[in-house]
Structures are given as structure tokens and as C-alpha cells.
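Listed here are the chains, written in short residue letters.
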Amino acid sequence: MSNDPLLQPYKLKHLTLRNRIMTTSHEPAYPEDGMPKARYRAYHAERARAGIALTMTAGSASVARDSPPVFNNVLAYKDEVVPWMKDVVDACHEHGAAVMIQLTHLGRRTRWDKADWLPVVSPSHNREAAHRAFPKKLEDWDIERIIRDYADAAERMKAAGLDGIELQAYGHLMDQFWSPLTNELDGPYGGSLDNRLRFTFDVLSAVRERVGPDFIVGVRYTADEAMAGGLSREDGLEISRRFKASGMVDFLNVIRGHIDTDAGLTDVIPIQGMPSAPHLDFAGDVRAETGMPTFHAARIPDVATARHAIASGKLDMVGMTRAHMTDPHIVRKIMEGREDDIRPCVGANYCLDRIYQGGSAYCIHNPATGRELTMPHDIPPASVRRKVVIVGAGPAGLEAARVSAERGHEVVVLEASAHHGGQVRLTARSQRRQEMIGIVDWRMAQCTARGVTFRFNSWAEEADVLAENPDVVIIATGGYPHTEVLSEGNEFVVSSWDILSGDVKPGANVLLFDDAGDNPALQAAEVIAKAGAKLEIMTPDRSFAPEVMAMNLVPYMRSLQKLDVTFTVTFRLDKVTKDGNELIAHIGSDYGGVDKVRRVDQVVINHGTIPMDDLYFALKPKSINRGAVDYRRLIAGEPQEAGSGQGAFQLFRIGDAVSARNTHAAIYDALRLAKDL
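None of the values given here were measured: they were computed from a predicted structure. (Residues numbered from 1 in each chain as written. Predicted model: local features only at pLDDT ≥ 70, side-chain atom pairs only at ≥ 80, totals over all residues. Heavy atoms only, no water.)

Participant: Which residues make up the overall build of the chain, and what are the values?
Facilitator: Helix and strand counts for the chain stand at 22 helices and 27 strands. Against the compact-globule benchmark of 26 Å for 677 residues, the chain has a radius of gyration of 27 Å, which places it among compact chains. Taken over 677 residues, the chain has a buried fraction of 61%. Taking as baseline every contact in the chain between residues at least 6 positions apart, the subset at least 24 positions apart corresponds to 71%. Approximately 25,800 Å² of the chain is accessible, and the part contributed by carbon and sulfur atoms is 48%. (Helix = DSSP H or I, 4+ residues; strand = E, 2+ residues; numbered from the N terminus. Rg over C-alpha atoms; globule rule 2.2 N^0.38 Å. Buried < 20%, exposed > 50% of the residue type's maximum accessible area, 1.4 Å probe, protein only. Contact = heavy atoms within 4.5 Å. Areas by Shrake-Rupley, 256 points an atom, 1.4 Å probe, with all protein chains shown as cover.)

Participant: Can you break down the nonpolar core residue by residue, with the values?
Facilitator: L103, I165, F199, Y221 and F243 are the most contacted members of the largest nonpolar core, which totals 103 residues. Top contributing element to this core by residue count: helix 5 (residues 193-211), with nine residues. When near neighbours in sequence (up to four residues on either side) are disregarded, L103 contacts A61, V63, A76, Y150, A153, A154, M157, I165, E166, L167 and Q168. Counting residues in each nonpolar core, the second largest holds 41 residues, with I364, M375, V424 and V452 among its members. (Core = buried A, V, L, I, M, F, W, Y, C linked by side-chain atoms within 4.5 Å.)

Participant: I'd like to hear about the packing of aromatic side chains, residue by residue, with values.
Facilitator: Inspection of the entire model under this criterion finds 14 aromatic pairs. With a centroid separation of 4.8 Å and an interplanar angle of 20°, the aromatic rings of F544 and F567 are classed as stacked. Of this pair, F544 sits in the loop between strand 20 (534-539) and helix 19 (550-560) while F567 sits in strand 21 (residues 565-569); the two residues are 23 residues apart in sequence, bridging distant segments of the chain. Ring pairs connect the aromatic residues Y150, F177, Y189 and F199, which therefore count as one cluster. Its end group placed over the ring of F282, R256 keeps NZ or CZ at 4.9 Å from the ring centre. The ring of Y668 carries R371 above its face, with NZ or CZ at 3.7 Å from the centroid. (Phe/Tyr/Trp six-rings, centres within 6.5 Å; stacked < 30°, edge-to-face > 60°. Lys NZ or Arg CZ within 6 Å of the ring centre and 35° of its normal.)

Participant: Can you break down the domain arrangement of the chain residue by residue, with the values?
Facilitator: Taken domain by domain, the chain consists of domain 1 (5-358), domain 2 (387-480 + 611-675) and domain 3 (483-607). Computed over C-alpha atoms only, the centres of domain 2 and domain 3 are separated by 32 Å. Counting residues at the interface gives nine residues for domain 2 and nine residues for domain 3. Both faces combined, the contact of domain 2 with domain 3 buries some 810 Å², and carbon together with sulfur accounts for 49% of it. For domain 2, the biggest contributors to the area lost against domain 3 are L426, R432 and R433; these three give 64% of the whole. On the surface where domain 2 and domain 3 come into contact, there are one salt bridge. With a closest N to O distance of 3.0 Å, R432 and E526 form a salt bridge. (Domains from an automatic or database assignment. Buried area = accessible area lost by both parts, 1.4 Å probe. Salt bridge = Lys/Arg side-chain N within 4 Å of Asp/Glu carboxyl O.)

Participant: Hey, could you go over the side chain of R108 for me, with residue numbers and the actual values?
Facilitator: Among the structural elements, R108 can be located in the loop between strand 5 (98-104) and strand 6 (121-122). D260 is the oppositely charged side chain nearest to the buried, salt-bridge-free R108, at an N-O distance of 4.1 Å. Residues contacting R108, with those up to four places away along its chain left out, are V120, V121, S122, N126, R127, E128, H131, P135, Q176, T182 and D260. (Lys, Arg positive; Asp, Glu negative; His and termini not counted.)

Participant: With reference to specific residues and values, describe the sheet that holds strand 13 (residues 387-391).
Facilitator: Strand order in the open sheet formed by five strands is 15-14-13-16-27, with parallel pairing between adjacent strands. Every interior strand has two partners, whereas the edge strands, strand 15 (453-455) and strand 27 (650-653), have only one. In this sheet, adjacent strand axes meet at a mean angle of 15° when their direction is disregarded. In the sheet, strand 14 (residues 410-414) pairs with strand 15 via three bridges, with the strands oriented parallel. Within strand 15, the position partnered with V413 by the bridge is F454. (Pairing = 2+ DSSP bridges. Axes fitted to C-alpha atoms, helices over the stretch in contact; angles between N-to-C directions.)

Participant: So, helix 6 (residues 233-246): which residues are in play, and what are the values?
Facilitator: Counted at 1.5 Å a residue, the expected span for helix 6 with its 14 residues is 20 Å, and the 20 Å between its end C-alpha atoms agrees. All of the buried residues along helix 6 are G236, L237, I239, S240 and F243. One face of helix 6 carries all of its buried residues, which in axial projection span an arc of 160°. Structural note: helix 6 exposes E234 and A245 on the side pointing more than 90 degrees away from its buried face. Packed against the buried residues of helix 6 are helix 4 (173-178), helix 5, strand 9 (216-222), strand 10 (251-255) and helix 8 (280-290). Of the residues one or two after helix 6, G247 is the one with positive phi, at around 70°. (Expected span 1.5 Å × (residues − 1). Arc of directions from axis to C-beta.)

Participant: Provide a residue-level description of unusual backbone geometry, including the pertinent values.
Facilitator: P188 follows G187 through a cis peptide bond whose omega is 10°. Positionally, P188 belongs in the loop between helix 4 and helix 5. The backbone of A58 sits at a positive phi, close to 55°, despite the residue not being glycine. Along the chain, A58 falls in strand 4 (residues 54-62). Of note, R626 is a non-glycine position whose phi angle comes to about 55°, a positive value. Tracing the backbone shows R626 in the loop between helix 20 (614-619) and helix 21 (631-636).

Participant: Could you give me a rundown of the UniProt feature "domain: NADH:flavin oxidoreductase/NADH oxidase N-terminal" (unreviewed entry) in the chain, with the residues and numbers involved?
Facilitator: This chain's UniProt record puts "domain: NADH:flavin oxidoreductase/NADH oxidase N-terminal" (unreviewed entry) on residues 6-340. Taken end to end, residues 6-340 is 37% helix and 16% strand, and its two terminal C-alpha atoms sit 16 Å from one another. (UniProt positions renumbered as here; feature names shortened; annotations may be inferred.)

Participant: Let's hear about the UniProt feature "domain: FAD/NAD(P)-binding" (unreviewed entry) in the chain: which residues, and what values?
Facilitator: The feature "domain: FAD/NAD(P)-binding" (unreviewed entry), as given by UniProt, occupies residues 387-625 in the numbering adopted here. Between the first and last C-alpha atoms of residues 387-625 the distance is 16 Å; the span itself is 29% helix and 28% strand.

Participant: Describe a nonpolar patch on the surface, with residues and values.
Facilitator: Together, W459, Y480 and M612 make up a nonpolar patch on the protein surface, roughly 340 Å² of accessible area in all. Judged by its relative accessible area of 57%, W459 is exposed. (Patch = residues over 30% accessible without salt bridge, like charges linked within 9 Å, V, L, I, M, F, W, Y side chains within 5 Å.)

Participant: I'd like to hear about the environment of P83, residue by residue, with values.
Facilitator: Within the secondary structure, P83 is located in helix 2 (residues 81-93). The spatial distance from the C-alpha of P83 to the C-alpha of M157 is 9.9 Å, given a sequence separation of 74 residues.

Participant: Tell me about helix 3 (residues 140-159), residues and numbers included.
Facilitator: Counting along an α-helix, one turn takes 3.6 residues, and residues three or four places apart therefore face a common direction. The first and last C-alpha atoms of helix 3 sit 29 Å apart over 20 residues, in line with the 28 Å expected at 1.5 Å per residue. Every buried residue of helix 3 is accounted for by D142, I143, R145, I146, I147, D149, Y150, A151, A153, A154, R156 and M157. Of the residues one or two after helix 3, G161 is the one with positive phi, at around 90°.

This is the structure in C-alpha cells:
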């Protein structure tokens, strides 16, 4: 037996969990029509196969029709969910992992114009900022039917063979009853703490009546809302003690904070640049106070932090949820003594931000997550060894090199600069985003371990590539900033990259025109504003930085709002002219009828990138396939045909060498092409 604290079994009631690592409840938005079908099953089974002890499914599985998900969640109020959940359970049990599910009623944390268009309900009429619906104040008959809905859903989950359930009480209906900020009911469900907790204990009683005393039931709850007028730490500890005294709760899953705003949510689930494990000590205090089995997850991204959480006695089970989206094989690698091979979670939060914009959760640098049915986490060897030449050592080029090397090919990478990393290296110059370097450093280490040859400071020309006698050439040269976007005065502007790289110093009075809406604009804005400049960020969009998404926007706003920064939306920079030492920015609007000017000393443009594709087009006529990609085969996960040209090599391009997108897209390009070479 290992002495590693993380690998010790844990007995929860009658259930023996094989180690101390779990994924906490989360909804990657993979269900189909509210049902956890093949894609959902494959996602959880992958982590079970790799050794996780407990996978907690379905963050916010809905128990009632007037709790419509705001993104694609499991619908626990439907009987048809039972066989689908049983399939998930059976697949995970086959690999030795326990499976539980989180059940909830969202209360005001949803919208009335979803699903059946029923009124949103809450213990007050107070609107939640994040979802903007004005709720109906609950009536007695609402409370009675919702209690039944919880019990019905719990009974379905027991019928599906789950090992247990977890009730959600932070930001959702249960917590809305608890918090003085959201409960304006009169007794018996409003007023005193006893009354505000009554709904939860009525639900627990109804659930226990349906599932019996032996079925595992826990609560994931806020034990401190960390906001003025809300539940205090003392309230949370008292609630925790009452859970223990009730005898109806088998484990506590501790949250600290509130989620009714983007800023609040980001403090509960911190992202890169924020402290790791900020609520771990608090969760440990709850465990010490109650002696109950205690779970917790909040930015526990690495094995060392997780190990400390268990070894120090702060937790019984440690949640590494986003870390397992990045690398589902963490437990297996710990057991095999391969912790250095674990793909690092860089805290980019691409996963969560995507679901809150209505998409599926994807890891910024593991494109196989959520695509387990089509993309491998373990790369299979090729039947024939080939020579693969890759031009560019950014994230796309490094992923192509890593996957090709794992396939067993001879791989040569030509890179014009002295370092690997491409745009990620530029991003990581920001202290708050320096963890991003893990994306390329991990790939560099994997490539080095597999014998990939790197030639840095090598500006590849056509002859250099041909001299390698390649079987496959992959162009991953990325792009360069696109600033030629004005009707006049393009020569007077600089790019966001110029600011980020330090090649151009910030001016004193700056206009930053951003119509790409991505991170480089706001990163450049931070550099400019922190240098003491007066800064205006202008965009033609209805909102600024739409590609950054909600939770990643929070740290930028906390930084920029304290500085001399103006945010201007719905205006477009048309042209720039010069007047002595000043620049005149001429401003219009896509809505028409606007002609304004700004006098500044610097104009910064953020408009994405233009592909660096000269080498690709030089090699194209000499390749077998003329650079063509068979999209049908690519999507189906089949190898590309060689083509009918006269050349001796296949030619492809990936990432921003094709078009300006993002890091995830670049790495996905590389994986789904190279896995079949």
C-alpha cells in the first residue's frame, strides 16, 4: 500500500472510496435534450478509468420545471433520466469509481423565458444580477410542490443506481431561503434562522422518506456568503452543526462566498492570477467544528496542494475538478510515479466561461476533454514511421510535435525565434496570466522526452523545409497583428502586441480601439493604464471584450476601474490624422450619423492577426495534396488521403496560420490532424 495521503481509501457510511480525489459537481453542458447520453457518459468514464474515487455528476441537475437550466443541464425532473443515468453509473462502476449527482432548484438563478416559460420563484421579489429575472415571491403551494419535486428527483437517482446525492445550497433556492438578503417571507419559512432553514430540513425529511436512511445524502452549501448583510461565518458554522445534529446529512461540501454576480462567482471559483485554495482553511474549520466528512474544491489545481489538504486533516475528500478537465489521468499518473507528466491546469477558466455563454465546456489546452468519443487522451502508435517537419513552436506547432512524436514519428521543429511559445509567451508576460506558460512548457517537456528535434533561431525558407526530405509538413507559423483597418492613417497606429512586448512604450493620452474583443486588448490596456496614462478603450460592439467572457473579465475590471480608464461602446475608429505632436482620432458609428474626434498622443489597434502564410503558399504546389484538407475525414477522425500531386510530402497548416482564432482552436487543429498521421 502507498503511504501517499491521496491514495488512502475513505469510508463514507457503507461506501468505500478507493482514494481521496474526486471531481465535485459540475455541469460541462454535454447532455442532449437534458439527458446524460453517450458523450456525457464517456466524459465521466474516462476519469473513472484513470482512477478517480468519486465523480460527482450534473452540477445543478434540475428537480422542477420552474427551475429551467440556463445552459445545458441534466433534467432530473423527468422519469426518462433514470436509464441514462444508470448507463453513466454502470460505466463508472465498471472502472471502480463511485458516482453521485447534485440536485437543485435554481430559484431566481435562471430566467422565465427558458423552457416552459414559467415564473421564476424565490423567497423574495429581489432580482439576481447575473440572470436578471424578477422572481415571483413563493407561495405556500409553491413550497409544497417543490419539496415533492426534490423527493421525486432523489427517488429517481436511487433507482438509477447512484451511490448518493448532493443537495445544492449556494446561490440557488435553498440558499435563497437561508440568506437574509433574499428571504422576505413571513413565518414559517422566513424571519429567524430556524425559519429560514425550515425549507431545507423539510426537503431532507421528504428525501429521506423516499430513499431511506442508508442512501448517502450530502449538501454542498455556502457556510459564509462573504457579503454585507448575508450569511456570516458564524451563521455557516451554526448551519453546519445543525446538519450534523439532524442525522439526515452524510457529508458536507463547503463553499465560501456568493455567486449572484460575475465577481462573486469568480471569488468562489478563482481563476489564474488569483490565490490557489483560498477557502481551504475555512473548509478545514468547518470539519474541525463538526467532525463530519468534509469535501471541498476551489482552485486546487495541483497534486501538492491536494495532498496538503488531506495530510493536514482539513478535508476528507479533495476536489480537483478543473484539474481533471485538463488531465483526466491525474490519479493514474500519481500511482505510476509520473506526477511530472500531469498536464497542468493553468486556471484560464475557458471551461467554465464557455458554459456561461451557452457552449460546451472545453479545456483551453486539452481538446480531447468533452470529445472523448472522437479524440484520444492517450495517443496510439502509428503503423508506419514517417518524418514530420513542423514550422513554428507555438501552441499549435508544439501540440503537433507532441502528438506526432507519441505516434512514433521522427519530428523536426523549425522556429524563427529563440524560444518556444509563440503568442502564449507574449500573454504570459502579464503577471496575472503568467500561468499560461504552462501550456507550452508542458508540451516542450513532453516533446523533449520523446526525442523531438528543435532548431531555434531558424527562419525556415522553402529550401530549408525541402532539405529535410519530409513525409509531412505542418505550417504552424501563427499570425502577425492586423492594424491596417482604418480608411486613413494606419501608419500612425501601433498594435496591442507592440505594447505587450515592450517594443512600444505607452503614451500619456491613449485611445485603444478594440474590435477583436479578446484578451490582448485588455492586457495592453492594463500595461497602458498602469503606466499612468489616460486611456479610453473603444469598441464598435454593444459590449467590450465579448471574447474574454464573464469570469475572466472580473480581474481586468478590478484592475482597470481603479485607474484612469474610460470604456466606450458602439463607436468605431474610422481614421487617424496628425496635427503637430498630436493624433486626431476620427470616430464614427455603425449606427450612422456620428462624426466625433479625440485628440490623443497614441492610438493602439487590436484587430486580431493576419496569417503568416508565405511559406505555406511557397510549398503548396510542391506537395502531394496541394495543402488540401478533407474535412469529412478530419471530422470523422480518419487519416487524410495522400492526394494526387507530384510532390513527395503532404502539406497542412494549423492554428493562426489559417485564421485568427484562439489557443484552444490552435491545439485542437493540431490534435485532430496529427493523431491520424
